[in-house]
2 protein chains.
Amino acid sequence: MVQLVVGGAQMGPIQHADSRQVVVARMIALLEAAAARGVEMLVYPELALTTFFPRWYMEDEAEIDAFFEREMPNGATAPLFERARALGVAITFGYAELTPEGRRFNTSILTDRAGAIVGKYRKIHLPGHSEYDPERTHQHLEKRYFEPGDLGFRVWRNAGVVMGMAICNDRRWPETYRCLGLQGVELVTIGYNTPSANGQQSSEGLEKRLFHSDLSLQAGAYQNATYVVGVAKAGIEDGHPLMGGSIIVDPDGFVLARAATEEDELILAACDFDKCAFGKTTIFDFARHRRTEHYSRITAQTGMQVEV
Amino acid sequence: MVQLVVGGAQMGPIQHADSRQVVVARMIALLEAAAARGVEMLVYPELALTTFFPRWYMEDEAEIDAFFEREMPNGATAPLFERARALGVAITFGYAELTPEGRRFNTSILTDRAGAIVGKYRKIHLPGHSEYDPERTHQHLEKRYFEPGDLGFRVWRNAGVVMGMAICNDRRWPETYRCLGLQGVELVTIGYNTPSANGQQSSEGLEKRLFHSDLSLQAGAYQNATYVVGVAKAGIEDGHPLMGGSIIVDPDGFVLARAATEEDELILAACDFDKCAFGKTTIFDFARHRRTEHYSRITAQTGMQVEV
């Protein structure tokens, strides 16, 4: 029987002026609160170390690079890794990665309970756009600041559980969960920064946006018989609101825990990973039921093609 | 602007003793009620002409064939086609198809508003099993009585709308909606017969099963920016309960109409197909955002492979 207490460390806003040290201190406070409540695996948001900078159009390389990490751990984050190791808590968090070759990715890492990095993921589904768009109420320039991830969707066995990572907009794409599900994933961790308003449809409203986030996480969990944890960076950053709504979802698609605030807030659930087996061996026994001969469009065709 | 009033003709139970004529008379009554309320496109359940016979283990070919149709329309169903043409209502319904070559499929057809068949679909994701299974509380022998569909997931432009069909268990598979979404689908019609209890987990309960049906339809709609109509055959057939829960879902994933009973019952919604455009051109603009280079497992690998 594999059981693990899984936590989501929702983070309230990070202002542009906040240093990495201030942010990491908040992350450590969440970690200590989690460990005190028995959490063994803790999930932080996407781009957890800085404000959500893709909302700003920048051209100056130095200004952009200031939001990126050149190595991980680094001086600012080492205390988090050290505290996680001391407490025996596996963690995952997101950050902007600048490689030695000068490539930029929206990245997350996964550690084991000894504080060692065992997995890295680079965000594949980058939303938004790459040039300034005057028709939007706010910019979402992820396609400007990041390349699409080049590491694929992978899983790692960590603390006895098959874990996979995804980031933010990846959660809306069923391909994400299916690629992980085909590898037997039992826990999908997804950090996000999601604006509270749709920059292309201001009438949309927060309620609908929370519903879409829930719906995607719940369907991904059910249809792949896996736990899914979605963790927000939330609240008003430099005047720009981000939604909360962090949840932990079980393999039936039911929400086990939900954040109530848009601040630093811990959610947690005791997860029994044996519960993944029922779906994986019955209605979603892929080997018996999938018909890949009819799925060819999914990989052969990127965009919509209306031929009727 | 393309608008259409779409109806779901949920059907209550059909007993083994009920003739095709009795069933077709019920279907015509639903059609007339729908037309009177302005419905222009009406969706009936899977295997709409008979009781859900895959619950019984049969070996006798003649006994099996009695549940199948050798042509469509045929003598029993011609009055339905005629009435639909007279009323100008496009329809889709499911039936068990026996081909001239002796092949058996779980099939649905689509007509235009002039009563002509314009599309055919054969169910791809057959649930259940092919041999008698003493460990189940009830049998679900679709893999015994049907071959997997050989026509793929297709769309047709009908009454101005890009329509695709799926059947029952297809609705739980995101591949279904995505294959249709890649072809620009705006209305997915899905008939079903879903037992109210899980034959492999009697504790599951009706509420959870309705939730899973809703979740799958809603996620498929949202993630492909399409309307989805799910229509049940419901109630107690020959002692075996089938769940209801027919719904019409909009491209945001919201439920517009829901059946309240397990009987013959009409649901309907005025659908504005221009509402499909927003999702298809923004967050789910596949051409800009999908990364097929990372999806290869979805088509290259049928079953789960745990390699960690």
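Above this text is the structure in question.
Sequence order as written defines the numbering, with residues in each chain counted from 1. Lettering of chains starts at A and numbering of ligands starts at 1, both following the order in which they are written. Totals for whole chains, interfaces and linings use every residue, but because this is a predicted model, local features are given only for residues with pLDDT of at least 70 and side-chain atom pairs only at 80 or more, for both listing and counting. Side-chain descriptors were evaluated using all non-hydrogen atoms of the structure, hydrogens and water having been removed beforehand.

**Some remarks on the state of the cysteines**
By definition, a disulfide links the sulfur atoms of two cysteine residues through a covalent bond. Only a pair of cysteine sulfur atoms within 2.5 Å qualifies as a disulfide here. What the rule picks out here adds up to zero disulfides over all chains. Free cysteine cysteine 271 of chain A: the closest other cysteine sulfur is in cysteine 276 of chain A, separated by 8.6 Å.

**Observations regarding helix α3 (residues 78-87) of chain A**
All names here are of chain A. Note on classification: 1.4 Å probe, protein chains only; a residue is buried when its accessible area is under 20% of the maximum for its type, exposed when over 50%, partly exposed between these limits. Runs of H or I in DSSP of at least four residues are treated as helices and runs of E of at least two as strands, each being numbered from the N terminus. Buried residues of α3: Leu80, Phe81 and Ala84, and no others. All buried residues of α3 lie within an arc of 100 degrees about the axis, which places them on one face of the element. Residues are treated as being in contact if the distance between any of their heavy atoms lies within 4.5 Å. Where α3 is buried, its residues contact α1 (20-36), β3 (90-98), β4 (104-111) and β5 (117-122). Looking one or two places after α3, you find glycine 88, whose phi comes out positive at around 70 degrees. Think of it as the arc spanned by the lines of direction from the helix axis to the C-beta atoms.

**Concerning the nonpolar core**
In this text, buried Ala, Val, Leu, Ile, Met, Phe, Trp, Tyr and Cys residues form a nonpolar core when linked through side-chain atoms within 4.5 Å. Of all hydrophobic cores here, the largest spans 108 residues; its most connected members are Met41, Leu187 and Phe273 of chain A together with Met41, Leu187 and Phe273 of chain B. Excluding anything up to four places from it in sequence, phenylalanine 273 of chain A contacts Val2, Gln3, Leu4, Val6, Val161, Glu186, Leu187 and Tyr227 of chain A.

**Notes on the sheet that holds strand β6 (residues 155-158) of chain B**
All names here are of chain B. Reading across the sheet, the six strands line up as β6-β7-β8-β9-β12-β13 and stay open at both edges, with mixed pairing between neighbours. Two strands close off the open sheet at either side, each with one partner strand: β6 and β13 (255-258). Taking each pair of neighbouring strands and ignoring which way they run, the sheet shows an average axis angle of 20 degrees. Of the pairings in the sheet, the one linking β6 to strand β7 (residues 161-167) comprises four bridges and is antiparallel in character. If you follow valine 155 over to β7, its bridge partner there is glycine 164. Against the sheet, helix α5 (residues 174-181) contacts β6, β7, β8 (187-193) and β9 (227-233), and its axis sits at roughly 155 degrees relative to β7. Strands in contact with helix α6 (residues 206-224) are β8, β9, β12 (247-249) and β13; relative to β12, the strand with the most contacts, it is inclined by about 25 degrees. Here a strand pair is declared whenever DSSP counts at least two bridges between the two strands. Note on method: axes are straight lines fitted to C-alpha atoms, helices fitted across the in-contact stretch only, with angles between N-to-C directions ranging 0 to 180 degrees.

**Some remarks on unusual backbone geometry**
For the bond from methionine 72 of chain A to proline 73 of chain A, the omega torsion is -5 degrees, close enough to zero to count as cis. With respect to the secondary-structure elements, proline 73 of chain A resides in the loop between α2 (61-65) and α3. With a phi close to 40 degrees, leucine 47 of chain A is a non-glycine residue in the positive phi region. Secondary-structure assignment places leucine 47 of chain A in the loop between β2 (41-43) and α2. For leucine 47 of chain A, a relative accessible area of 1% corresponds to the buried category. Positive phi, close to 50 degrees, is recorded for alanine 225 of chain B, a residue that is not glycine. Within the secondary structure, alanine 225 of chain B sits in the loop between α6 and β9. For alanine 225 of chain B, a relative accessible area of 1% puts it in the buried group.

**Let's talk about α1 of chain A**
All names here are of chain A. What a helix is expected to span follows from its residue count: subtract one and scale by 1.5 Å. Taking 1.5 Å per residue, 17 residues should reach 24 Å; α1 reaches 24 Å between its end C-alpha atoms and fits that length. If you check which residues of α1 are buried, you get Arg20, Val23, Val24, Arg26, Met27, Ile28, Leu30, Leu31 and Ala34. Along its buried surface, α1 packs onto β1 (3-10), β2, α3, β3 and β14 (265-272). Immediately downstream of α1, the backbone of glycine 38 shows phi near 90 degrees, a positive value.

**Details of the interface of chain B and chain A**
The interface of chain B with chain A comprises 70 residues on the first partner and 70 residues on the second. Each of two parts loses accessible area, computed with a 1.4 Å probe, when they are put together; buried area is these two losses added. Across the chain B to chain A interface the summed buried area is about 6400 Å²; carbon plus sulfur atoms make up 63%. Here, a salt bridge means any Lys or Arg side-chain nitrogen found within 4 Å of an Asp or Glu carboxyl oxygen. Where chain B touches chain A, the interface holds six salt bridges. Residues lysine 208 of chain B and aspartate 252 of chain A are paired through a salt bridge, measuring 2.7 Å at the closest nitrogen-oxygen approach. Of all the secondary structure elements, the ones that give two or more residues to the side of chain B that touches chain A are β6, α5, α6, α7 (276-281), α8 (286-289) and α9 (296-300) of chain B. Sorting elements by how many residues they give to the side of chain B that touches chain A places α6 of chain B first, with nine residues. Here the residues of the side of chain B that touches chain A sort into 28 nonpolar, 26 polar and 16 charged. Charged residues are taken to be Asp, Glu, Lys and Arg, nonpolar residues to be Ala, Val, Leu, Ile, Met, Phe, Trp, Tyr, Cys and Pro, and polar residues to be all remaining types, Gly included.

**Describing the packing of helix α6 (residues 206-224) of chain A against α6 of chain B**
Direction vectors running N to C along α6 of chain A and α6 of chain B enclose 120 degrees, while the axes themselves pass 9 Å from each other. When the axis of α6 of chain A is compared with that of α6 of chain B, the two are oblique. Where α6 of chain A crosses over α6 of chain B, the two elements pack in a sense that is left-handed. For the pair formed by α6 of chain A and α6 of chain B, the contact residues are Phe211, His212, Leu215, Ser216, Gln218, Ala219, Tyr222 and Gln223 of chain A on the first element and Phe211, His212, Leu215, Ser216, Gln218, Ala219, Tyr222 and Gln223 of chain B on the second. Orientation labels follow simple angle bins: below 35 degrees gives roughly parallel, above 145 gives roughly antiparallel, 65 to 115 gives roughly perpendicular, and whatever is left gives oblique. We call a crossing left-handed when the near helix sits turned anticlockwise from the far one by less than a right angle, and right-handed when that turn is clockwise.

**Quick look at the side chain of arginine 178 of chain A**
Relative to the helices and strands, arginine 178 of chain A is located in helix α5 (residues 174-181). Owing to a relative accessible area of 1%, arginine 178 of chain A belongs among the buried residues under this scheme. Within polar-contact distance, the side chain of arginine 178 of chain A engages the side chain of glutamate 175 of chain B at 2.6 Å. What qualifies as a polar contact is a pair of N or O atoms within 3.5 Å, subject to a donor-acceptor requirement within protein and to the restriction that residues adjacent in sequence count only when both atoms come from side chains.

**What to know about the packing of α5 of chain A against α6 of chain A**
Pairs of packed helices are described in terms of their axes, by the angle between the two and the distance that separates them. Residues and elements named next belong to chain A. With their axes 9 Å apart at the nearest point, α5 and α6 run at an angle of 30 degrees to one another. Classified by the angle between their axes, α5 and α6 sit roughly parallel to one another. Considering how the two elements wind past one another, α5 and α6 form a crossing that is right-handed. Contact residues: Tyr177, Arg178 and Gly181 in α5; Ser216, Leu217, Gly220, Gln223 and Asn224 in α6. Looking at the contact of α5 with α6 residue by residue, the classes come out as two nonpolar, five polar and one charged.

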